[in-house]
Amino acid sequence: MEKLIQITSGRGPLECQWVVAKVLKVFLEEAKDNNIDYEIIHRENGDENLTLKSVTLLLKGKKVSEFLKTWLGSISWTGKSTFRKLHKRSNWFIGIFELEGLEKVGFNEKDIQFQTTRSQGSGGQNVNKVNTAVRATHIPTGHSVFVQDSRSQLENKKLSVTRLKERVLEQNIIRLQKRMQETWNNHLQVQRGNPIRTFSGTDFKKNYQEKSFKKQRNILKNELKNYKNDLN
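Computed from a predicted structure; not experimentally measured. (Residues numbered from 1 in each chain as written. Predicted model: local features only at pLDDT ≥ 70, side-chain atom pairs only at ≥ 80, totals over all residues. Heavy atoms only, no water.)

Draft legend 1. Local environment of the pairing of strand S9 (residues 197-200). Burial along S9 is one-sided: the residues Arg197 and Phe199 are buried and none of Thr198 and Ser200 is. Both strand S4 (residues 73-78) and S9 contribute to a ladder of four bridges, which runs parallel. Bridged to Thr78 within S9 is Ser200. (Buried < 20%, exposed > 50% of the residue type's maximum accessible area, 1.4 Å probe, protein only. Helix = DSSP H or I, 4+ residues; strand = E, 2+ residues; numbered from the N terminus. Pairing = 2+ DSSP bridges.)

Draft legend 2. Quick look at helix H1 (residues 14-33). Between its first and last C-alpha atoms H1 spans 29 Å; for 20 residues at 1.5 Å apiece the expected length is 28 Å, and the two agree. H1 sits mainly inside the fold: 14 of its 20 residues count as buried. Phi turns positive one or two residues past the end of H1, at Asn35, with a value near 60 degrees. (Expected span 1.5 Å × (residues − 1).)

Draft legend 3. Molecular detail of the nonpolar core. Counting 28 residues, the largest nonpolar core has Ile7, Phe27, Leu57 and Trp71 as its most contacted members. Those elements giving two or more residues to this core turn out to be strand S1 (2-8), H1, strand S3 (52-60), helix H2 (64-68), S4 and strand S5 (91-98). Counting residues per element, this core draws most heavily on H1, at 11 residues. When sequence neighbours within four positions are dropped, the list of residues in contact with Ile7 reads Val20, Val23, Leu24, Phe27, Lys53, Ser54, Val55, Leu57, Ile94, Gly95 and Ile96. (Core = buried A, V, L, I, M, F, W, Y, C linked by side-chain atoms within 4.5 Å. Contact = heavy atoms within 4.5 Å.)

Draft legend 4. Expanded view of the packing of aromatic side chains. This model, assessed by the stated rule, comprises four aromatic pairs. Taking the centre distance of 5.1 Å and the plane angle of 70 degrees together, the rings of Phe27 and Trp71 count as edge-to-face. Of this pair, Phe27 sits in helix H1 while Trp71 sits in the loop between H2 and S4; the two residues are 44 residues apart in sequence, bridging distant segments of the chain. Given a relative accessible area of 0%, Phe27 falls into the buried group. Taking 6.5 Å as the distance between ring centres and 20 degrees as the angle between the ring planes, the aromatic pair formed by Trp71 and Phe199 counts as stacked. Pair noted here: Trp71 is in the loop between H2 and S4 and Phe199 is in strand S9, with a separation of 128 residues, a long-range link. Among the residues examined, Trp71 registers a relative accessible area of 0% and is labelled buried. By relative accessible area, Phe199 is classed as buried at 2%. Ring pairing ties together the aromatic residues Phe27, Phe67, Trp71 and Phe199, which thus form one cluster. Geometry around Phe114 places Lys157 over its ring, the cationic atom sitting 4.6 Å from the centre. When the ring centre of Trp71 is taken as origin, the NZ or CZ atom of Arg197, which lies over that ring, is 3.7 Å away. (Phe/Tyr/Trp six-rings, centres within 6.5 Å; stacked < 30°, edge-to-face > 60°. Lys NZ or Arg CZ within 6 Å of the ring centre and 35° of its normal.)

Geometry only, nothing functional implied.
In structure tokens:
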């Protein structure tokens, strides 16, 4: 299973861009622990070193959907700005969204249909006598290239595969850029409140509840002690 997701600071300030970079590190560590492969498709650097405005990832693995249940939504970080020490704000939000409706076009040489023909144009007496030119068509996308650079049919065939692959990959990039432009609204949808995950501190530790109950035991001990004193 494959999922395309985007981690974004929205229109947030530099602090949010810092949070995106920190969240990305934790996200990838957990993905690795869950045997999920990833590929960074696009990244937009932030306004300072070690910050990111957004990053787009392609995730692959059997547990991708289950893994994303604990990540998709708004992410908050509680802490003082490391860029503006006098800034009063202490809660910062970013978002993680799934980019739906985009399938990555694969490239396989088995999907190519070759046609040979005579070369065209000037080139001496042999140019129109032997079928050395090659037209290669990628069946899934319909893209085709015509190659007659060499007098060798084999060389022209190799060149046609290379050029056709470049054209198909270029289509992937164009479609991705278009989709990312359409999903710019994601940058406006980072909601404050009800975050699916919360981190805190400059060490970026995930918040947790105190489970030792040490504090509660001390309170009960003091209450019991006071109660015994009152009886005496």
